[in-house]
Amino acid sequence: MFTTVPFSQPSQSQLPDDLFEAIATLKQDLNAVILAHYYQDPDIQDVADYIGDSLGLSRQAADTDAEVIVFAGVHFMAETAKILNPHKLVLLPDLDAGCSLADSCPPEAFAAFKAAHPDHLVVSYINCTAAIKAMSDIICTSSNAVDIVNQIPLDQPIIFAPDRNLGRYVMEQTGRELLLWDGSCIVHENFSEKKLVQLQVQHPEAEIIAHPECETPVLRHAHYIGSTTALLKYAQQSQGNSFVVATEPGIIHQMQKAMPDKTFIAAPPTGTCACNECPHMRLNTLEKLYLAMSQRQPEITLPEDIRLAALKPIERMLAMSR
Ligand code: SF4
């Protein structure tokens, strides 16, 4: 549910020698703010004005005075910034940076699912397209999902979409029955419980910290479960010195910066690949970020009716999570 502006990719020779300096200059010239998700490449995190999880990034997008928002994340995140800032230019370094979880909830199928359960309130995780947000009553993030569901009257049936793993976690934490949409994230579903247990044997002192998008067998081994921001805070406050991190490993860059004396080990994925990087998030690069700023594209645009319908449940979330 988005339109694109034609975008010509310049050659390597058009790139400046010092991208960090060039991006800093462009930021001033454009009156731009760079918002980056924790799962971005470390170089992108280092040029960002704000690094955070979905809730923090939404708040920053809602509050910014900048004229241009450069969103280093995936498409649904930049869309959220546009929903909140219709008159600002919102740039996404790579327009193909999508999300397997958002894609697992196609609007037509979800509309039929919702229509089959007309008495249900729809709570949607922010990792969904603007079209799904427009069909939702309240948006939530992994930081506030439990708190939001706890604020809904007990006799109100709820559809929770699109992530079934986060939905199961919310059911456990709230004791509520939720009707789950059967979506998932390819990154968080790919952690190997067997390899995690082997790692625990090798590092018995390490605490396992996990994102609630992980599957239940992995979450069962976790000493702490939380959003990326919550995992970062937990590691800072813990007396422990060693952590196995079960979420996209981009967050480890901020953990190591904040806690240089502590050890962070990325939880192992299934298969032979050594890491669990999100292929969508990693489409953004520092070069593409520079090019987006210098060319003021690719730009995120949205039909106004979808934007207005998607705005309401986001505003409800922001009001309920203050
Ligand atoms: S980590 Fe998963 S939920 Fe996050 S952007 Fe990548 S595919 Fe989507």
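About the thresholds
- Residues numbered from 1 in each chain as written.
- Predicted model: local features only at pLDDT ≥ 70, side-chain atom pairs only at ≥ 80, totals over all residues.
- Near = placed C-beta within 6 Å.
- Nonpolar A, V, L, I, M, F, W, Y, C, P; charged D, E, K, R; others polar.
- UniProt positions renumbered as here; feature names shortened; annotations may be inferred.
- Helix = DSSP H or I, 4+ residues; strand = E, 2+ residues; numbered from the N terminus.
- Buried ≥ 20, exposed ≤ 12 C-beta atoms within 10 Å, placed from the backbone.
- Contact = placed C-beta atoms within 7 Å.
- Core = buried A, V, L, I, M, F, W, Y, C linked by C-beta atoms within 7 Å.
- Axes fitted to C-alpha atoms, helices over the stretch in contact; angles between N-to-C directions.
- Left-handed = near helix turned anticlockwise from the far one by under 90°.
- Pairing = 2+ DSSP bridges.
- Right-handed = clockwise from strand over helix to strand, strands pointing away.

J.: Mind showing me how you'd approach the site of the ligand here?
T.: The environment of the ligand is made up of 13 residues, and the closest members are C99, L101, C185, V187 and C278. The residue inventory of the shell around the ligand, partitioned by class, reads nine nonpolar, three polar and one charged.

J.: Just to check I follow, could you spell out the UniProt feature "binding site: iminosuccinate" (unreviewed entry) in the chain for this structure?
T.: Residues annotated by UniProt as "binding site: iminosuccinate" (unreviewed entry) correspond here to H37, S54, Y125, I126, N127, S142, H211, P212, E213 and T228. When you line up the elements, S54 lands in helix α3 (residues 54–63). By C-beta crowding, S54 is classed as buried, having 25 other C-beta atoms within 10 Å. Contacts of S54, omitting those with residues within four sequence positions, involve M77, I126 and T141. Structurally, T228 is set in helix α12 (residues 228–237). Using a count of 27 C-beta atoms within 10 Å as the deciding quantity, one classes T228 as buried. Non-local contacts of T228, meaning those with residues more than four positions away in its chain, are made with Y38, D53, H211, T247 and I251.

J.: Looking at this structure, I do not really get the nonpolar core. What am I missing?
T.: Where a protein is soluble and globular, its nonpolar side chains tend to be buried together. One finds V70, F71, A161 and A246 to be the most contacted residues of the largest nonpolar core, which totals 96 residues. In this structure F71 touches L35, M77, A78, A81, V90, L91 and L92, once residues within four positions along its chain are discounted.

J.: Where do I start with the packing of α3 against helix α4 (residues 75–84) in this structure?
T.: The description of two helices packed together rests on the angle between their axes and the distance between the axes. Taken N-terminus to C-terminus, the directions of α3 and α4 make an angle of 30°; their axes are 9 Å apart at the nearest point. Between α3 and α4 the crossing geometry is right-handed. Only M77, T80, A81 and L84 of α4 make contact with α3, whose side of the interface consists of S54, L57, S58, A61 and A62. Within the contact of α3 with α4, the residues separate by chemical class into six nonpolar, three polar and no charged.

J.: Looking at this structure, I do not really get the sheet that holds strand β11 (residues 242–246). What am I missing?
T.: To summarise the sheet geometry, strands pair through backbone hydrogen bonds and adopt either a parallel or an antiparallel arrangement. Judged by pairing direction, the sheet is parallel, and its four strands sit side by side in the order β10-β9-β11-β12 without closing on themselves. Each end of this open sheet is capped by a strand with a single partner; those strands are β10 (224–225) and β12 (263–266). Bridging between strand β9 (residues 207–210) and β11 involves four bridges; their strand directions are parallel. Residue pairing in the sheet places I209 in a bridge with V245 of β11. Sitting on the sheet, α12 is in contact with β9, β10 and β11, with an inclination near 160° to β9.

J.: Could you clarify how one ought to interpret the UniProt feature "binding site: [4Fe-4S] cluster" (unreviewed entry) in the chain in this entry?
T.: Mapped onto the present numbering, the UniProt feature "binding site: [4Fe-4S] cluster" (unreviewed entry) falls on C99, C185 and C278. Across 180 residues of sequence, these annotated residues stay compact in space, with a maximum C-alpha separation of 9.4 Å. Secondary-structure assignment places C99 in the loop between β4 (89–91) and α5 (100–103). Apart from residues no more than four positions distant in its own chain, C99 is found in contact with V74, H75, F76, N127 and H280.

J.: Any chance you could explain the pairing of strand β7 (residues 158–161) here in plain terms?
T.: In summary, the side chains of a regular strand alternate between the two faces of the sheet. Because side chains alternate across β7, one face comprises the buried residues I158 and F160, and the other comprises I159 and A161, equally buried. In the sheet, strand β5 (residues 121–125) pairs with β7 via four bridges, with the strands oriented parallel. From the neighbouring strand, L121 faces β7, where its bridge partner is I158. Sheet topology places β7 next to strand β8 (residues 179–180); two bridges connect them, and they run parallel. Bridging from a neighbouring strand, F160 pairs with L180 of β8. The parallel pair β7 and β8, bridged by helix α9 (residues 164–174), forms a crossover whose chirality is right-handed.

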